[in-house]
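Observations on the three-dimensional arrangement
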Amino acid sequence: MSEEILINVTPQETRVAIVENGVLQEVYVERTRRRGLVGNIYKGRVSRVLPGMHASFVDIGLERTGFLHVSDIVQGLEDIDNKDNGIASLQPVSINSILTEGSEVLVQVIKDPLGTKGARLTTRVSLPSRYLVFVPD
């Protein structure tokens, strides 16, 4: 399987395309007039916890609250050893046992706000360096 990342940078915009086996998979366009929030790191405050959706809304100082799903919370996963096939699987736990309204959480934006929806967030914060990506744990 061949995978390519094509990047085109101009003063007005940056375009990135991901191509797998000669087929375009994803395209990202970022204009200098409207820079995206993806990759930004915030210290937010949990405004609502929704157990039925296994998610919470986090106020990070933007117009709309961000959306944080339990699967995007590092502390929300327990490592369970599956002895049948020798593969460790991850089992989500209840969002109520991890977050409470008013608690503070460090998050990173993984998807920009769109329309009436807020940004998608994760607690899996990563910091790129020149040659490596630093990830907690």
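Scroll up for the structure.
It should be emphasised that the depicted structure is a prediction, and the values quoted were computed from it without experimental measurement. (Residues numbered from 1 in each chain as written. Predicted model: local features only at pLDDT ≥ 70, side-chain atom pairs only at ≥ 80, totals over all residues. Heavy atoms only, no water.)

So, the overall build of the chain
Across its full length, the chain carries zero helices and 12 strands. Helices and strands in the chain line up, N terminus first, as β-β-β-β-β-β-β-β-β-β-β-β. For the chain, the computed accessible surface area is about 9,900 Å², with 53% contributed by carbon and sulfur atoms. (Helix = DSSP H or I, 4+ residues; strand = E, 2+ residues; numbered from the N terminus. Areas by Shrake-Rupley, 256 points an atom, 1.4 Å probe, with all protein chains shown as cover.)

A closer look at the nonpolar core
V58, I60, L68, L99, V107, V109 and L121 are the most contacted members of the largest nonpolar core, which has 16 residues in total. Apart from the residues lying within four places of it in its own chain, the contact partners of I60 are Y42, G44, V107, V109 and L121. (Core = buried A, V, L, I, M, F, W, Y, C linked by side-chain atoms within 4.5 Å. Buried < 20%, exposed > 50% of the residue type's maximum accessible area, 1.4 Å probe, protein only. Contact = heavy atoms within 4.5 Å.)

Here we look at the layout of surface pockets
Leftover empty space is mapped by rolling, across the atoms, a probe with the size of a water molecule. The calculated volume of the largest pocket comes to roughly 430 Å³. Y28, V29, E30, G36 and D112 are the residues nearest the centre of the largest pocket, which is lined by 13 residues in total. Elements with a contribution of two residues or more to the lining of the largest pocket: strand 2 (13-20) and strand 3 (23-31). Counting residues per element, the lining of the largest pocket draws most heavily on strand 3, which supplies five residues. Class assignment for the residues of the lining of the largest pocket results in six nonpolar, two polar and five charged. There is about 260 Å³ of room inside the second largest pocket. Looking at the second largest pocket, the residues that line it are F57, R64, T65, F67, K111, D112, P113, L114, T116, K117, G118 and R120. (1 Å grid on protein atoms, 1.4 Å probe; cavity = no way out; pocket = protein on both sides within 12 Å on 5 of 7 lines; lining within 4 Å. Points joined across faces, edges and corners; volume = space filled by probe spheres on them. Nonpolar A, V, L, I, M, F, W, Y, C, P; charged D, E, K, R; others polar.)

Observations regarding the pattern of salt bridges
Going through the model one piece at a time under the given rule, you end up with seven salt bridges. Here R31 ties to E13 by a salt bridge, and the two come within 3.4 Å at their closest N and O atoms. Of this pair, R31 sits in strand 3 while E13 sits in strand 2, placing them 18 residues apart in sequence. With its nearest N and O atoms 2.9 Å apart, the salt bridge here joins R45 to E104. On the criterion of sequence distance, the pair formed by R45 in strand 4 (residues 41-50) and E104 in strand 9 (residues 104-111) is long-range, its members being 59 residues apart. Of the residues examined, R45 reaches a relative accessible area of 42% and is grouped as partly exposed. Under the relative-accessibility criterion, E104 is labelled partly exposed at 45%. Each of E13, R15 and R31 takes part in salt bridges that share partners, so that together they form one network. (Salt bridge = Lys/Arg side-chain N within 4 Å of Asp/Glu carboxyl O.)

Quick look at unusual backbone geometry
A positive phi angle, close to 50 degrees, is found at N21, a residue other than glycine. Topologically, N21 is positioned in the loop between strand 2 and strand 3. Here H54, not a glycine, exhibits a phi torsion of approximately 55 degrees, which is positive. Inspection of the secondary structure puts H54 in the loop between strand 4 and strand 5 (55-59). Take H54: its relative accessible area is 42%, and that puts it in the partly exposed class.

Description of the sheet that holds strand 1 (residues 3-9)
Judged by pairing direction, the sheet is antiparallel, and its three strands sit side by side in the order 1-2-3 without closing on themselves. Unpaired on one side and paired on the other, strand 1 and strand 3 mark the two borders of the sheet. Neighbour-to-neighbour, the strand axes of the sheet open up by a mean angle of 15 degrees, direction not taken into account. Across seven bridges, strand 1 lies against strand 2 in antiparallel orientation. If you follow E3 over to strand 2, its bridge partner there is E20. (Pairing = 2+ DSSP bridges. Axes fitted to C-alpha atoms, helices over the stretch in contact; angles between N-to-C directions.)

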